[in-house]
Amino acid sequence: MSEESDLERTEPASQRRLEKSRDEGQVPRSQELSTFVVLITAGAGLWLMGGPLARQLANLMRDGMKIPRSFGFDPALLLERLLEQSLHALLALSPFFLLMMIAALVAPLLLSGWLFTWKSLAPDFKRINPLKGVGRMFSTNSMIELAKALLKAALIGAMAVWTIWHDKDAVLSLVAAPLGASIGHLGELAVMSFLAIAGMMALVAAVDVPFKLWDHARRLRMTKEEVRQENKETEGDPHVKSRIRAQQHAMARKRMMAEIPAADVIVTNPTHFAVALKYEEGKMHAPRVVAKGRHLLALRIREIGEQHRVPLLEAPPLARALYHHAELGDEIPQALYNAVAEVLAYVYQLRRYHEQGGGAPRKPETLPVPAALDPESAGAGGDGPRPDRP
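Parameters and conventions
- Residues numbered from 1 in each chain as written.
- Predicted model: local features only at pLDDT ≥ 70, side-chain atom pairs only at ≥ 80, totals over all residues.
- Heavy atoms only, no water.
- Helix = DSSP H or I, 4+ residues; strand = E, 2+ residues; numbered from the N terminus.
- Axes fitted to C-alpha atoms, helices over the stretch in contact; angles between N-to-C directions.
- Parallel < 35°, antiparallel > 145°, perpendicular 65-115°, else oblique.
- Nonpolar A, V, L, I, M, F, W, Y, C, P; charged D, E, K, R; others polar.
- Pairing = 2+ DSSP bridges.
- Contact = heavy atoms within 4.5 Å.

(A) Quick peek at the environment of Ala 345. Assignment of secondary structure puts Ala 345 in helix H14 (residues 337-356). In this structure, the C-alpha to C-alpha distance between Ala 345 and Pro 364, residues 19 residues apart in sequence, is 9.6 Å.

And the structure:
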């Protein structure tokens, strides 16, 4: 059951899949929206340019009917006159044609935005496969498009029949009306018919656009396996990333352990925390944390320190403060300068005692550690020790 459910495309398309489909020219398109926009643009263009355009065409027709006597003796002159009149008619209609061309180009942008790609023009021999062509003819999408075309034809046809039937008396009366009045009334009937058809096209487009958006999203749906595979490709395999992180932690710990023998002192809790400090006068502005850890890692830091005779100092508040407020490789916080200075002074005295003898230095017992830096201090505002860091 789980394998069957994974094969179903139940997951929405990811952003990467949407971008890839767009690069390949697969975007939602609505032919009904484009038809409606072109139709409205044509109506608006005729409304704005109809008067001047009609006058220019009437003048061309009137001039075209005037044929000089010389044209009857030279057919070439007649052809030249026809070509001239055709060019004038084309120039008169060119603003309207330009407006229609702009509408045809802009209409698809309303749904999918600007898109230019050569991939959709690349040859695909699967498209000329006759078996797949027959399959597409009887596919669900083809049936939906057929039903939509029939519904559109039925709506527009019904509206046309209703308009003619509603104005049948006015249409019949045009035969007996004067020419000027009949032309004006015919124009009114044409405008009403156009508005009725445009309203039907607007209704069809309002239904078709949401359907195209839904169908496009449905086609790009992904299976759960595809989602997992894409996540692996974009973000990497979780198992591989986990192994990489583990290796990085191991290498960082190995480098940290290699720094312990060169440390000046290891401050302990005594067993819960261990922080190794190093200070080189003239090279460092303040002592630096070269290793830190808690529990088993703290024990390992102590063992390495003892093997290399690094001084260990039991100072629980300072150890906790250093562990929680100083990152590995960073200098200690300024608030701990005085406390660490006393520790380093003790270490230097201890080193001189081992080299030159004399009286053994006294371990510092109370170090000036601000309560706000010690998580277990009563004045720190905490409820106890913080959990282990990952």
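Next comes the rest of the write-up.
(B) Expanded view of the packing of helix H3 (residues 31-65) against helix H4 (residues 75-106). Two numbers describe how H3 lies on H4: the axes approach to 9 Å, and their chain directions differ by 170°. One element, H3, and the other, H4, form an angle in the roughly antiparallel class. In terms of residue class, the contact of H3 with H4 is made up of 17 nonpolar, 6 polar and 2 charged.

(C) Looking closely at the sheet that holds strand E4 (residues 312-314). Read across the open sheet, the 4 strands follow the order E3-E2-E1-E4; overall the sheet is mixed. Single-partner strands in this sheet number two, and they are strand E3 (288-294) and E4. Ignoring strand direction, the axes of neighbouring strands in this sheet form an average angle of 20°. With 3 bridges connecting them, strand E1 (residues 265-268) and E4 associate as parallel partners. In the sheet register, Val 267 faces E4, and the bridge partner there is Leu 313. Packing of helix H12 (residues 296-307) onto the sheet brings it into contact with E1, strand E2 (273-278), E3 and E4, and relative to E3 it is tilted by some 125°. Of the strands in this sheet, E1, E2, E3 and E4 are in contact with helix H13 (residues 316-325), which crosses E2 at around 75°.

Keep in mind these numbers describe shape, not what the thing actually does.
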